[in-house]
Amino acid sequence: MKTSMNLDASSTSRRRFLRGLGACLALPACESFLPRAGAASATALGTTASGAPLRMAFVYFPNGAIHEHFWPDGRGADFNFKRTLEPLEKVKGSVQVLSGLEHRNAEPGPDGAGDHARANGAFLTGVRVKKTAGADIYAGVSIDQIAAQHIGQRTRFSSLELSADAVRKSGSCDSGYSCAYEYNLAWRSATSPLAPEPNPRMVFERLFGGGSRGDRARNFTQRQQQQRSILDFVLDDARSLQSGLTHRDKDKLDEYLTSVRAIEERIARAEQFGTTPDPEIETPAGIPADYEQHLRLMFEMLALAFETDSTRVATFLMAHDGSNRPFPELNVAEGHHSLSHHRNDPAMIDKCAQIDRFYATQFAWFLEKLAAAKDADGTSVLHNSMIVYGCGNSDGNRHTHHNLPVVLAGNGGGALQPGQYRTLEPAPMCNLFLSMLDRMGVPPMERFGDSTGRLAI
Amino acid sequence: MPPRTYLKSASQINLAVVLSLAGIMGASANGLRSHDKTRFEKEVRPILEEHCFDCHGDGEKKGNVAFDAFLSTAELAGKTDLWMAVLKNLRAGLMPPEKEPRVPAASIKVLEDWIKEGAFGLDATNPDPGRVTLRRLNRVEYGNTIRDLMGVDFQADAEFPADDTGYGFDNIGDVLSTSPLLLEKYMAGAETIVAQAVPLVSKSLPERSVAGREFRGAPEERDTQRLSLYRASDLTYRVRIQQAGTYRVNFRATVFGSFDFDPARAVVTAFVDGRECWKKELFWQDRKPLDISAEQRWEPGEYEVRFVVAPLVGADKKPAPRPGEGDTYVNVDFDGVKVAGPTERESWTMTPGYDRFFPRPDPPSNPAEWPAYAREVLQRFATRAFRRPADAATVEKLTAIAQLAWKSPGTGFEQGITRALTAVLASPRFLFRVEGAQSETVAGQHPAIDEYALASRLSYFLWSTMPDEELTALATRGELRKNLGAQIRRMLADPRIGELVENFAGQWLQTRDIESVSIDARVVQARDAGTERAGRERFERFRKLNEDIDAATRAGDAAKAAELRKELAEARAKFRGQGRVEFSAELRTAMKREAEMLFRHLLREDRSVRDLVDADYTFLNEPLAAHYGIPEVKGKEMRLVKLPADSPRGGVLTMGTTLAVTSNPNRTSPVKRGIFILENILGTPTPPAPPDVPSLEASEKTADGRELSLREALALHREQPLCSSCHNRMDPLGLAFENFNAMGLWREKERGQPIPPVAGQLITGEKFANVTELKRLLANERRDDFYHCLTEKLLTYALGRGPEACDVPAIDEIVGRLRREDGRFSALIHGIIESVPFQKRRADL
């Protein structure tokens, strides 16, 4: 529809401001820029020393891991993957396995049972989520969102939230915790989770526009223009509504207002990035019935988003903690969660390990894809990434949250030393997060979650 | 008096309360009125001392509860969670424990009254309605509202992310959040919906379609007739013309051949009113639409259209299907005809749906008059969309959006309006349910919600959609409250009440989950029969064979590979379809329908809600009846079936859906089934298992490797004091259902061994011999518990918030009404709608 967009003077000036902001911060699109000569400051926002984009992602697998199969043999650079992580063999030089990290805030306190909700909720927030079935969900801002707040304006999308849990259970979730803690990894604020998208088609269209190849960029631009014409109206409407509201109602409307602003910023930013990339693949049809296919499609979307530099921050919840999915494809009829309480029964442990390996296989597939994708500076996208693969539960049988199974993939643009198995002194997971934030060039934060310092990575 | 806030006490005592209810209001530590204090000392404390202090006082602190471990009476009174638990446990007969003397009814009354008035500080003269947070429409409500407002179907559950749930429901205001992703989707959705729903021209060429199946001589039942070129077809239809004029007839037909060549050929002819208008010899080719149309001047009357296929190659020439390659063919798909006309412009008629948005037949011809008309159009639309009057300033802003659009050349009136309508559908007043209060309010009193808000609460509660015209008209006139009873009855009789069934019952009884729940029919049945091991070995053998085939292929040993393949095929054939029951989609849907139809039946016939627990009838079709082993139900149609006297079915607890959603993928879960009853029927949920205790059922083996039966494992578990207090409550309930496997099939054996007797005892002492007796106990002796539980659940759903201490009087009143009217469904629905929390809004005092 061809309409001119600006409705009044004030909205024009707001946009102009946003545009200006975008112009100062925007990097040229991925393929067109040259690496900066020499090693520049390692703390440039969301950028590697060579000037290429630096990405961070967090991939969650559910219900802990079977430790005897997860941890490699050996240590340091001299190590061998065991059964679970063996699929990572091809990218061994690009990953480090980290033992000793913990999320003490996922452990039971006075709040009692509910380890799955807490593990999932604490994973990227580092906080003890509030035990409530609904009225007042409260976690913390997640690490990816802190990064996104700082570097999000450099890409068309500040962050991407994915999941492969297409069907949600009805009824309440883990032991009196709201389902919000289990089905979301990313939290924009302590009370606003960012719902992840399970449908690969939706992810693709959001990133690159709908329709067939060749039409997408135009469709994408058109949609944005249409959206802008209504943003001013709804913003006004929300403001006029807000005046008559009480506390909690105001909060709800604030979520709406924040969302309006986020879209405005994104549209303003998108205009600074020239043409929308148009990947050479067909738009995915939707959620495939086969779980492995689904996971791979989501990973493919994530890889595309990174390769096209559409975003540098992402989270992917492969399945929520407590997931009780059976794996008929592995001839495992029992649900994963039931199995994870194996009570040291060898047959159950074996099945759990099969599932652990299944997830690791999908992750390996993703890493290989990133390793094969050439980045702007001549290295690979995997080289210029920091990807955490882990779970907020350590031993699914006993519900422990120390010595969490964690893999950190990517070279961080050369800042990390992958290709090793590091057995760390017990330390909060949040220490790792803080160090990753530093690498991303985010102004140093003193603390995050239950951090006690930084992890030398 | 103002509601007091519940202050967290700084006391050292850690109160692990038996029942946890979040977000409760109550008396603060220092807000206890002096006469309540006196009343506590004089009337309440003696009862507690006599009945409770043996375990919860004088140094005893069972379950971490001691009534005398507080610094002051006021501090004790301020423990709202504790008193809520006392109330529940007392009423449900859980406390004092069964073997202790009962608390006399009069004393219970004293306790109840004091808890409500003293501990909760509730003021009967100005009842507190609690707080309802601004509710966003959830996916279901959004889709329904769009359907009613715009006249188009929108697949909200496919387009929008799932809504989070709280208190077991997905319509809880506090939990329904908004994210940039969601708002983006709302905006994209608004574009799509408006483009689909709003006609851009007032008049259009009248058109009608006649599906292929409506033709005489149509061989098939479906709209599209699949006509083979090997078979002669002659399809005719008589078009009735009422107005003289020129008509265009379009035959909608597509020819397509199989991937491989097929020799079929035929002459296809189309006739309009006896005149041949198209004739062609068709043969094997790729999919290609046939472009057949004719124009004809017609006077009123009836005219024949005809589509004929005359084969040129006999069916005997059709190649035999080759194994593995499938059939070859050439077909014409005939979708019927489209008749458009009269094509003369002056005969055009109003575009369907136009008057839903535009009250006048045409926009003013002078664009200078457009803004005034736009205000009229937008005022009308925004008022419907917002479910309350749109103010002038809003309408003005919307008009400005339309005006801006008109500035672009070639943009018509309607097109400009669509821009404004899109804005309305993305605005918070549409997406959120904004509620106002009645203006004539006594100072210091909690006001009633206004009539518009009441209309919305009613329609979203009962229909999950916006108010219809009648509700809106009454609200606009301020007469809805006056006609409340009649309106509730009208709404209950309306087909849209199906939404309450699907959304409330669907979540309360979790029937929404039955279609997706993971149950492995093969393993479940192998387990019952005790052939799990054989199954595993068979799988291993298949896997080994497959590996060997791969190895042989890699090694280039074709002969060996072929031999192995043959062996695999034989092994497979031997096991295929050995009396296996599929847990098919069809069966799952029937199970879902069974529960929904019962709920619907009780609503329609205004029967007792106790039928939900125990009934001598249910709803079945042939596959489900066969699954239940009930004879003489034929056909796919679901219908009411009177059950044989000895049938264990009837009521939701023995329905396939409940039995399956409370099972694990490979076997039953007595614990889950027990918890289901405690949570959803008795309303006395157990606290979650303490930390570090693994889900008990995970283990069915002892350390020496012997496999324990589930029952043995449970019994072992109950020996541990830590586990017994809760498992004593849930296990007997869950074990009573052990004769139903994870698919809800009746079974006599598990692991090939007979299932031991399922007799048991409720924690309140009542004994039962089998599942039928258990259901009877729940529906009769424990009737009040069920009334309470159902009322709390339905109130939660109706209000979009969890139950709070201030709701206790309202819930008690509704339960009283249910008791007086023997559980009639209308007593529950009317009771909820007429209750204080539904009718009022908490004043910000």
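Source: prediction; values computed, not measured.

Rules of the game
- Residues numbered from 1 in each chain as written.
- Chains lettered and ligands numbered in written order.
- Predicted model: local features only at pLDDT ≥ 70, side-chain atom pairs only at ≥ 80, totals over all residues.
- Heavy atoms only, no water.
- Helix = DSSP H or I, 4+ residues; strand = E, 2+ residues; numbered from the N terminus.
- Buried < 20%, exposed > 50% of the residue type's maximum accessible area, 1.4 Å probe, protein only.
- Contact = heavy atoms within 4.5 Å.
- Areas by Shrake-Rupley, 256 points an atom, 1.4 Å probe, with all protein chains shown as cover.
- Lys, Arg positive; Asp, Glu negative; His and termini not counted.
- Charge placed at Lys NZ, Arg CZ, Asp CG, Glu CD.
- Pairing = 2+ DSSP bridges.
- Axes fitted to C-alpha atoms, helices over the stretch in contact; angles between N-to-C directions.
- pLDDT = per-residue confidence, 0-100.
- Salt bridge = Lys/Arg side-chain N within 4 Å of Asp/Glu carboxyl O.
- Buried area = accessible area lost by both parts, 1.4 Å probe.
- Polar contact = N/O pair within 3.5 Å; in protein donor to acceptor, adjacent residues only side chain to side chain.
- Core = buried A, V, L, I, M, F, W, Y, C linked by side-chain atoms within 4.5 Å.
- Phe/Tyr/Trp six-rings, centres within 6.5 Å; stacked < 30°, edge-to-face > 60°.
- Lys NZ or Arg CZ within 6 Å of the ring centre and 35° of its normal.
- Expected span 1.5 Å × (residues − 1).

## Considerations on the overall build of chain B
Of regular secondary structure, chain B possesses 31 helices and 19 strands. Taken across its 845 residues, chain B has 56% of its residues classed as buried. Considering only contacts in chain B between residues 6 or more positions apart, those separated by 24 or more positions represent 72%. Carbon and sulfur atoms make up 51% of the accessible area of chain B, which amounts to about 36,500 Å² in all. Treating the 119 positive side-chain charges of chain B as one cloud and the 124 negative ones as another, the clouds have centres 2 Å apart.

## Comments concerning the sheet that holds strand 13 (residues 420-428) of chain A
Residue and element names in this part refer to chain A. Here we have 7 strands laid out as an open sheet, ordered 5-8-1-11-12-4-13, and mixed in their pairing. Each edge of the sheet is formed by a strand with only one pairing partner; in this case those strands are strand 5 (160-163) and strand 13. Going across the sheet, the axis of each strand differs from the next one's by a mean of 20 degrees, ignoring polarity. The sheet contact formed by strand 1 (residues 55-60) and strand 8 (residues 313-317) spans 5 bridges and is parallel. When the bridges of strand 8 are listed, Met-56 appears paired with Val-313. Helix 9 (residues 291-307) rests against strand 1, strand 5, strand 8 and strand 11 (385-390) of the sheet, and its axis sits at about 175 degrees to strand 8.

## Some words on the confidence of the model for chain A
When pLDDT is averaged along chain A, the result is 84; 88% of the residues meet or exceed 70. Predicted confidence for residues 1-42 of chain A stays below pLDDT 50, and this span has 72 contacts to residues more than four positions away or in other chains.

## Looking at the pattern of salt bridges
Following the criterion strictly, the structure yields 85 salt bridges over all chains and no others. One salt bridge connects A:Arg296 with A:Glu292, and the closest N-O pair in it is separated by 3.3 Å. Of this pair, A:Arg296 and A:Glu292 both sit in helix 9, separated by 4 residues, roughly a single helical turn. In this structure, A:Asp309 and A:Arg312 form a salt bridge, with 2.9 Å as the shortest nitrogen-oxygen distance. In this structure, A:Asp309 and A:Arg312 share a single accessibility class: buried. The network of salt bridges with shared partners includes B:Asp128, B:Arg801, B:Glu804, B:Asp807 and B:Arg842.

## A word on the interface of chain A and chain B
Between chain A and chain B, the contact holds 75 residues from the first and 79 residues from the second. Where chain A abuts chain B, roughly 6,700 Å² becomes buried across the two surfaces, and 59% of that area is made up of carbon and sulfur atoms. At the junction of chain A with chain B, the criterion picks out 4 salt bridges. Viewed at the interface, chain B and chain A are joined by 11 residue pairs in polar contact (both at pLDDT 80 or more). Among the secondary structure elements, those contributing two or more residues to the side of chain A that touches chain B are helix 6 (200-208), helix 7 (216-242), helix 8 (247-270), strand 10 (332-335) and helix 11 (346-372) of chain A.

## A closer look at the sheet that holds strand 5 (residues 233-241) of chain B
Residue and element names in this part refer to chain B. Spatially, the 4 strands line up as an open sheet ordered 5-10-7-8, and their pairing is antiparallel. What marks the edges here is a single partner per strand, and that holds for strand 5 and strand 8 (275-283). Strand after strand, the sheet turns through a mean of 15 degrees between neighbouring axes, direction not considered.

## A short note on the environment of B:Arg131
Within the fold, B:Arg131 resides in the loop between helix 5 (105-119) and strand 1 (135-136). Filtering out sequence-adjacent residues up to four positions away, B:Arg131 remains in contact with A:Arg248, B:Asp174, B:Arg801, B:Glu804 and B:Arg842. Of the polar contacts made by the side chain of B:Arg131, one reaches the side chain of B:Thr133; its length is 2.6 Å.

## A short note on the pairing of strand 8 of chain A
All names here are of chain A. Of all the 5 residues making up strand 8, 5 are buried; the element is thus mostly covered by neighbouring parts of the structure. Pairing of strand 5 with strand 8, which is carried by 4 bridges, proceeds in the parallel orientation. Its bridge partner being in strand 8, Leu-160 is matched across the sheet by Ala-314.

## A look at the nonpolar core
Of all hydrophobic cores here, the largest spans 109 residues; its most connected members are B:Phe461, B:Leu462, B:Leu500, B:Trp508, B:Leu612 and B:Ile829. Among all residues touching B:Leu462, those that are not within four sequence positions of it are B:Met491, B:Leu492, B:Arg496, B:Ile497, B:Glu499, B:Leu500, B:Ile829 and B:Ile833. In this structure, A:Met318, A:Leu416, A:Phe433 and A:Ile457 belong to the second largest nonpolar core, which totals 102 residues.

## So, the packing of aromatic side chains
The tally for this structure, following the rule as stated, stands at 60 aromatic pairs over all chains. With a centroid separation of 4.6 Å and an interplanar angle of 10 degrees, the aromatic rings of B:Trp298 and B:Tyr303 are classed as stacked. B:Tyr303 carries the same exposure label as B:Trp298, and that label is buried. Note on B:Trp370 and B:Phe413: the rings are 5.6 Å apart at their centroids and 70 degrees apart in plane angle, and the pair reads as edge-to-face. Residue B:Trp370 is found in helix 10 (residues 370-386), and its partner B:Phe413 is found in helix 12 (residues 413-426); the two are separated by 43 residues along the sequence. Like B:Trp370, the residue B:Phe413 is buried in the burial classification. Among the aromatic residues, ring-to-ring pairing joins A:Phe61, A:Phe70, A:Trp71, A:Phe79, A:Phe81, A:Phe299, A:Phe316, A:Phe363, A:Phe366, A:Tyr389 and A:Tyr421 into one connected group. When the ring centre of B:Phe271 is taken as reference, the NZ or CZ atom of B:Arg306 above it lies at 4.9 Å.

## Digging into helix 29 (residues 808-820) of chain B
All names here are of chain B. With 13 residues, helix 29 extends 18 Å from end C-alpha to end C-alpha; this agrees with the ideal 18 Å at 1.5 Å per step. Looking only at helix 29, the buried set comprises Val-808, Ala-810, Ile-811, Asp-812, Ile-814, Val-815, Gly-816 and Leu-818. Taken together, the buried residues of helix 29 touch helix 4 (80-91), helix 5, helix 28 (783-799), helix 30 (825-834) and helix 31 (836-839). Downstream of helix 29 by a residue or two, Asp-822 has a phi angle that is positive, lying close to 50 degrees.

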